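So the chains spell out like this:
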Amino acid sequence: MRRVLDFVLVIWLAATLAFMLLRVLPGDAISAQLALSGASRAEIEAIRDDMGLSAPLSRQYLSYIGGLLRGDMGYSLTSTLPVVEVIAPRLLPTLILALTSGVCAAVGGVLIGAACLNTGGVGRIARAVVNLSLSLPIYWTGTLAIIVFSSWLGWLPSSGTHGADRLILPVLVLSIHVMAPVARVTYANLRQIHDATFVRVARAKGLPELLILRRHILRAALGPVIAVIALQTGFLLSGAVITESVFARSGVGQLLLVSTLDRDYPVVQGIVVLSAVFYMLVNVIADWSTRLLDPRIVS
Amino acid sequence: MMRRVRWPHLLVLLFVLLAVFAPQISPHDPATIHPTILAPPSSAHLFGTDALGRDLFSRVLYGGRQTLGVATVAAAVALAPGLLLGVLWGIAPRPLVPSLTALFSALLAVPGLLVALVLLAVIGRGMGQIALAVGLSQIAMVAQVTRGAVVNVRDAPYIESAHAIGATPRHIIRRYVLPNIWPVVVAYAGVTFSYSVLNGAALSFLGLGELGVPDWGVILAEGRAVFNAAPWVSIFPGLAITALVFAVNALVDRML
Amino acid sequence: MAVKRSFVLCGLLCGMLLFALMGCASGDDFEPRNPIVYGLTLQPSGFDPHVHASAELGIVLRQVYDTLVYRHPQTNEIVPGLATGWTISDDGLVYTFMLREGVTFHDGTPFNAQAVAANLDRIIAPETGSQRARFMLGPYSGHNVLDTYIIQITLSERFVPLLDSLSQVYLGMASPTAFNEYSPTRYQFHQVGTGPYRFIKFTPGDEIILRRNEAYTWGPEFYDLELENTVDQITYRFFTDAATRATAIENGEAHIMGEIPPAFALTLAGTDAELLPVEVPGLPLQFMMNTARPPTDDLLVRQALIHATNRPLIVDTVYRGFSPVAWGPLSRATLHYSRAVEGTYPYDVDIARASLEAAGFEYVSGVGFVQGEDDAEPLEIIVLVPPWGGLPDVAQLMQAQWREIGVNARLVQVSGLSALRERVESGDYHLVAFDSAGFDPYVMNSFYASDGANNFTNYQNPRLDAALITAVQELSPETRRVAYAEIQQFIMGQALILPIRDYINLNATVPTIDRLMFDSYGWFPLMHNVANVAD
């Protein structure tokens, strides 16, 4: 019950902040277009009034929050479609990109994090890779990936949304970006748990090292790793905005960029609220799975 | 307390020096148009020329000034209020904590880049605006980290003893809390700077930067538009960003 | 136990992913024989021609809808479409259209005068929220169905561009059955016209699928009905990133692609891909000068700025020879374009300097031109630069050229149309970059009439206003031509704009595409005749 309350409170705050920020500006995505179409100044004014762009702020806010409660986010100013319908078709490409990259980053991060434990050359290389991937800007690696794999080698398409082959480069680039924090936390945890009492007990029992690693260490280390993956959701979504822009994927990130530039504020607000919901959901799931995985945490 | 000077220190110093002395070092004016467009790297143009025939090496040098400047301002904008809020959040009276936590959760729930984009929609475009937006969008993050450090320290035995001997809260914060969270804060300042470099350049790459004032993100975006004819326009500014962030991160690692 | 739970968790995640991926595939029994992919360059915010305004929608919907009249792509004359003939009353206020018989919409609804009336009513209705179509009808006052196949359109005042409007896809004829079934916002997903292709599916942000209308026999005279290897399915996909469009053609991801960046067109020229540059009529890419703000309120300054700009060099560098230099307020492909403006204000830094000095500016070495005697202020020109059409590059080159004669330009980037307009309304600019498409020179009116909604120059002149109105109301083409020639020369005489280049829509196709043509408006392909001949 408390969780649900928290959840609602956070979403309401995010929605309110977005509203307050954006309504400082006149939401005017259509006047310019109308003028180009040959509408006169008077006609433009009349249409703006019709769209409720000149109502008092308090009224606009109430109807906005009221709408949110009913799952209605208002209408896009440019397309005249309900915001929900504008965002909905863009969700899937972004979710596919984010989830696939998230999973790849988690697996890759845990593996490389474990490799960092190695005291020899492998560990050195692994640690360098982690540090490097933390420093690589997506918009650069993305461009380089296109130059190499699409332009020079011609192996993979450079842009677009359709099909699995168009997913490979974006996922590669985004997961390298998100992998580093996961690897770091895995590494730190493994190092700590390596010498924890229950591991030493297992060792004392004479269990083979690999079994200890698999059954005891990894399992215990996975909890914090999931927590950090959840915390990386924001990082992942930020990365998705850039990745979608670099690879011209028509997802929510691109929609956000275009709507911001076009001043289609209802759409921007919708995306902000939605990303907050997504973040909270991922964190709830992460909490829940940490409890499942780590016997030390008792609910 | 003398630390050994190592390559991250030197590399960061090098970047700062190159930025400060860009006008003295750069062989050309970054805006001068040369007759050959998209010339590959050569002795005349170390990094080649861009789509308008400008010397890329000079542009990357001057770009460093922009990028470092933006990141520095952004980090300052994020750190000052972030620290203050984090400490307040950490020592706030118990009844206030849930609402503060909800507020910061709401701020953290929206990805930083999204927040920066929305802020830019409000305050307009330009390098100063990017610095401000990138900084503001990180305040909640800084506050969260600071709060974590404060909470760790707050429950430590020596604070309890300080309470026991009757020290005022003010005194405790200044005398015990701040010095003990300082290492975390300094390290996180480095992280904030790295983020600011990456996100600042990201925003100008996405097209919110300024023309004529070449920052590395803008140059990258220009390179993106000619990537198959002139990959070097993309390669050099990206290399610069990566090297700078790598060095700063290594520096942070050494502090921890 | 806990390990098993983690398996469950992984399974759940994988299941979600699979579900997500499966969502992409769709069941469909139609097996196209000769399908192609057409690359669109931006995601239009809406797709209903009566409601929305983007040019992109016409690239698709030109194939779905027929219009009452067409403009012949070769002769540019207005020719019969769904109307076989028309008469215009002597006062120019009543247009009577004789409609083609035996035409049916894709859903079987018969096409007749009632259908035309329903379309006009829909466009005009405030609930439709038309962003373009209704303004194209000008001083429309109503319709009058005279017979099953005869309809009159009446105007409240003369409006010669009406036939031009009626030839455009925004006034395409849609099935009343279909648009009455769906709300104005839903109809765009279920569009029904009479055109050579049927609208199958529109997934916003993803793709639009059209299929050939096998029953189509009523096309305009330039549609050839006896062709082979025609395309039976067109999938429109978005290639919003300019830098990857050429690669998509090379890799065969798309068969036809619009707006290839010039630098990439050069590399494409070395492959077997074909380039198809199309001139776009209307206002060329230009900088409009604010006459309400010093120093561009001074004719001498405006003239100096044009002389100071090396347009051939700019066009060469940015557009790589794919665009002609523009000289006046209309591009060459526009109706009633006047050649008299060609070659005016050539690049000449001496004239530019002399004009600035004549305007009272003084040259101070190391600073440039300054104004005033004691507290001399450097001359600074604020230029608004939107991100499209290569304008950032153009503006930076122009800035460099002006710097050489001592004029300082401050480039202010605006992120889009709305931001540009907002800045223009504030009045805080000297030059603003713009362009607009349209075949009829009427496209100039909203930019140059004193009370025009796009009067970015803020120029107010009753004589110009009168001339613009005459040119719209004058029925005789010859009189219009003369009037528009005078207007073009007057605008350049006042140096209201700095024209840069005629807009070229640079298309590319894979070598198997044949018989692709574009209509007179430059943006819209006519896909009916197009063949895709596999080797």
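Just so it is clear, the model here is predicted, and its values are computed rather than measured.

## Side note on the sheet that holds strand E1 (residues 35–40) of chain C
Residues and elements named next belong to chain C.
- Strand order in the open sheet made by the seven strands is E8-E9-E10-E1-E11-E21-E12, with mixed pairing throughout. Of all strands in the sheet, those with a lone pairing partner are strand E8 (197–203) and strand E12 (274–279), marking the two edges.
- Sheet topology places E1 next to strand E10 (residues 233–238); six bridges connect them, and they run parallel. Residue pairing in the sheet places Tyr38 in a bridge with Tyr236 of E10.

## Structural notes on the side chain of Arg224 of chain B
- By the secondary structure assignment, Arg224 of chain B is in helix H10 (residues 216–224).
- Sequence-distant contacts of Arg224 of chain B, defined by excluding residues within four places in its chain, comprise Thr143, Ile146 and Val246 of chain A, Phe205 and Ser234 of chain B together with Asp241, Ala243 and Thr244 of chain C.

## Focus on the interface of chain A and chain C
- Listed by partner, the interface residues are 49 residues for chain A and 55 residues for chain C.
- Regarding the contact of chain A and chain C, the summed buried area is about 4,400 Å², with carbon and sulfur atoms giving 59% of it.
- Our enumeration of links across chain A and chain C arrives at two salt bridges.
- In this structure, Arg263 of chain A engages Glu422 of chain C in a salt bridge whose closest nitrogen and oxygen atoms are separated by 2.5 Å.
- Put simply, chain A and chain C have four residue pairs in polar contact (both at pLDDT 80 or more) between them.

## A look at the nonpolar core
- Judged by nonpolar contacts, the single largest core of 290 residues is most densely connected at Phe97, Phe287 and Trp402 of chain C.
- Not counting residues within four places of it along the chain, the set of residues in contact with Phe287 of chain C comprises Val383, Leu391, Val394, Ala395, Met398, Leu431, Val432, Ala433, Leu496, Ile497, Leu498 and Ile500 of chain C.

## Details of helix H13 (residues 417–426) of chain C
- Regarding H13 of chain C, the residues found buried are Ser418, Ala419, Leu420, Arg421 and Val424 of chain C.
- If you follow the buried residues of H13 of chain C, they end up packed against helix H2 (31–37) and helix H12 (252–262) of chain A together with strand E17 (380–385) and strand E19 (431–437) of chain C.
- Positioned one or two residues after H13 of chain C, Gly427 of chain C has a phi angle of 80°, which is positive.

## Comments concerning the packing of helix H5 (residues 112–123) of chain B against helix H9 (residues 169–208) of chain B
All names here are of chain B.
- Relative orientation of the contacting elements H5 and H9 amounts to 55°, with a least axis distance of 11 Å. What the angle tells us is that H5 and H9 run oblique. Seen along the crossing, H5 lies across H9 with a hand that is right-handed. On H9, the residues touching Leu113, Ala116, Leu117 and Leu120 of H5 are Asn199, Ala202, Leu203, Leu206 and Leu208.
- The residue inventory of the contact of H5 with H9, partitioned by class, reads eight nonpolar, one polar and no charged.

## Observations regarding helix H11 (residues 233–246) of chain A
- With 14 residues, H11 of chain A ought to run about 20 Å at 1.5 Å a step, and its terminal C-alpha atoms sit 20 Å apart, in line with that.
- Of all 14 residues that make up H11 of chain A, 14 are buried, and the element is covered over most of its length.

## A closer look at the interface of chain B and chain C
- Contacts between chain B and chain C engage 19 residues on the former and 20 residues on the latter.
- Buried surface at the junction of chain B and chain C, both sides included, amounts to about 1,600 Å², of which 60% is carbon and sulfur.
- Where chain B packs against chain C, one counts one salt bridge.
- Between the two partners, chain B and chain C, sit two residue pairs in polar contact (both at pLDDT 80 or more).

## As for the state of the cysteines
Residues and elements named next belong to chain A.
- Tallied over the full model, the rule gives zero disulfides over all chains.
- Not engaged in a disulfide, the cysteine Cys116 finds its nearest cysteine sulfur in Cys104; these two sulfurs lie 18 Å apart.
- The exposure class assigned to Cys116 is buried, which follows from its relative accessible area of 2%.

## Overview of unusual backbone geometry
- The omega torsion of the bond from Pro294 of chain C to Pro295 of chain C falls at 0°, within 30 degrees of zero and hence cis.
- Assignment of secondary structure puts Pro295 of chain C in the loop between strand E13 (282–289) and helix H9 (299–307).
- Although it is not a glycine, Leu38 of chain B sits at a positive phi angle of roughly 50°.
- Here Leu38 of chain B shows up in the loop between helix H2 (22–25) and helix H3 (56–91).
- What makes Leu38 of chain B buried here is its relative accessible area of 13%.
- The phi dihedral of Ala495 of chain C is positive, around 50°, even though this residue is not glycine.
- Within the secondary structure layout, Ala495 of chain C lies in the loop between helix H16 (477–493) and strand E20 (497–501).
- Here Ala495 of chain C falls in the buried class, since its relative accessible area comes to 0%.

## Let's talk about the side chain of Thr100 of chain A
Residue and element names in this part refer to chain A.
- Here Thr100 shows up in helix H5 (residues 83–116).
- For Thr100, a relative accessible area of 17% corresponds to the buried category.
- Engagement of the side chain of Thr100 in a polar contact is seen with the backbone oxygen of Ile96, the distance being 2.4 Å.

Cut-off values and rules
- Residues numbered from 1 in each chain as written.
- Chains lettered and ligands numbered in written order.
- Predicted model: local features only at pLDDT ≥ 70, side-chain atom pairs only at ≥ 80, totals over all residues.
- Heavy atoms only, no water.
- Pairing = 2+ DSSP bridges.
- Helix = DSSP H or I, 4+ residues; strand = E, 2+ residues; numbered from the N terminus.
- Contact = heavy atoms within 4.5 Å.
- Buried area = accessible area lost by both parts, 1.4 Å probe.
- Salt bridge = Lys/Arg side-chain N within 4 Å of Asp/Glu carboxyl O.
- Polar contact = N/O pair within 3.5 Å; in protein donor to acceptor, adjacent residues only side chain to side chain.
- Core = buried A, V, L, I, M, F, W, Y, C linked by side-chain atoms within 4.5 Å.
- Buried < 20%, exposed > 50% of the residue type's maximum accessible area, 1.4 Å probe, protein only.
- Axes fitted to C-alpha atoms, helices over the stretch in contact; angles between N-to-C directions.
- Parallel < 35°, antiparallel > 145°, perpendicular 65-115°, else oblique.
- Left-handed = near helix turned anticlockwise from the far one by under 90°.
- Nonpolar A, V, L, I, M, F, W, Y, C, P; charged D, E, K, R; others polar.
- Expected span 1.5 Å × (residues − 1).
- Disulfide = S-S within 2.5 Å.

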